[in-house]
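# Structural description and commentary
Next come the chains, spelled out residue by residue.
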Amino acid sequence: MSPKEFHNDFETFFLFTLMMLFATGCFMVGPLHAQSDSDYKPTSLFDGDVYCVSYASTNFSYPIASSSHVASIWNYGPGGVKFYVKGTMGITWNGGSVTPEPREKSGTISANNGGGDEVNFSFSLRGKPAGRGSISASTEVKVRHLPTNAVQWGRTANASNNFFLP
């Protein structure tokens, strides 16, 4: 074997080894996503004149923990309604926790129309100690019938899931 052939074989082997190490590393690092969780709660309000859906979901995709909170309202009338959606999120990890201030939004829906809104949270866990953690989310919806000023609550949606910080 000439020195040139040896060099070409060594170069091929070296590149192959680097590619395999990279592929193995990507395979090991890839599944850092925890399963998401979601909850969907429909409710009929005001004797069936208003249909309300509360939705909460959680997700962890390293290093971000997030939640989404959605209210969907269908107003079959008579008269308009005002809705209020409130989302809360809590995160715990090995040695710490955070509970951001709740977020709220509201909107008005006229008779024979639908609508809604959402609030979202995200929190970076980069640099936090390795170990187990969890995310919890809750969505509350309140609806006020504008002609009568009566208030009714939709069902609260709750979601949670566990994750592992590398």
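One structure accompanies this document, and this report is about it.

Conventions used here
Residues numbered from 1 in each chain as written. Predicted model: local features only at pLDDT ≥ 70, side-chain atom pairs only at ≥ 80, totals over all residues. Heavy atoms only, no water. Salt bridge = Lys/Arg side-chain N within 4 Å of Asp/Glu carboxyl O. Helix = DSSP H or I, 4+ residues; strand = E, 2+ residues; numbered from the N terminus. Buried < 20%, exposed > 50% of the residue type's maximum accessible area, 1.4 Å probe, protein only. Phe/Tyr/Trp six-rings, centres within 6.5 Å; stacked < 30°, edge-to-face > 60°. Pairing = 2+ DSSP bridges. Axes fitted to C-alpha atoms, helices over the stretch in contact; angles between N-to-C directions. Patch = residues over 30% accessible without salt bridge, like charges linked within 9 Å, V, L, I, M, F, W, Y side chains within 5 Å. Areas by Shrake-Rupley, 256 points an atom, 1.4 Å probe, with all protein chains shown as cover.

## What to know about the pattern of salt bridges
Counting across every chain of the model gives two salt bridges. The residue Lys105 makes a salt bridge to Asp117 at a minimum N-O spacing of 3.7 Å. Highlighted residues: Lys105 in strand S6 (residues 103-109) and Asp117 in strand S7 (residues 113-124), separated in sequence by 12 residues. For Asp117, a relative accessible area of 27% puts it in the partly exposed group.

## Description of the packing of aromatic side chains
For any pair of aromatic rings, the description rests on two quantities: the centre-to-centre distance and the angle between the ring planes. Under the defined criterion, the tally for this structure stands at four aromatic pairs. Summarising the aromatic geometry, the rings of Phe60 and Phe163 are spaced 4.2 Å apart at their centres and angled 15 degrees between planes, so their arrangement reads as stacked. Separated by 103 residues along the polypeptide, Phe60 in strand S2 (residues 50-61) and Phe163 in strand S10 (residues 157-165) bring together distant segments of the chain. Side by side, Phe60 and Phe163 carry an identical accessibility label, which is buried.

## Overview of unusual backbone geometry
Cis geometry is adopted by the peptide bond preceding Pro63, which originates at Tyr62 and carries an omega value of 5 degrees. Mapped onto the fold, Pro63 is located in the loop between S2 and strand S3 (64-75). With an omega dihedral of 0 degrees, the bond running from Gly77 to Pro78 counts as a cis peptide bond. Among the structural elements, Pro78 can be located in the loop between S3 and strand S4 (81-93). Notably, Asn112 is not glycine yet its phi reads approximately 60 degrees, a positive angle. Structurally, Asn112 is set in the loop between S6 and S7.

## Observations regarding the sheet that holds S2
With respect to topology, four strands assemble into an open sheet ordered S1-S2-S3-S7, the strand pairing being antiparallel. Each edge of the sheet is formed by a strand with only one pairing partner; in this case those strands are strand S1 (37-45) and S7. The sheet shows a mean angle of 10 degrees between the axes of neighbouring strands, direction not considered. Looking at chain direction, S1 and S2 are connected through nine bridges and run antiparallel. Along S2, the bridge assignment pairs Lys41 with Ser54.

## Quick word on a nonpolar patch on the surface
Side chains of Tyr40, Tyr51, Trp74 and Tyr76 sit close together on the surface and give an oily, nonpolar patch of about 460 Å² of accessible area. By relative accessible area, Tyr76 is classed as exposed at 52%.

All quantities given are derived from atomic positions and should not be read as evidence of function.
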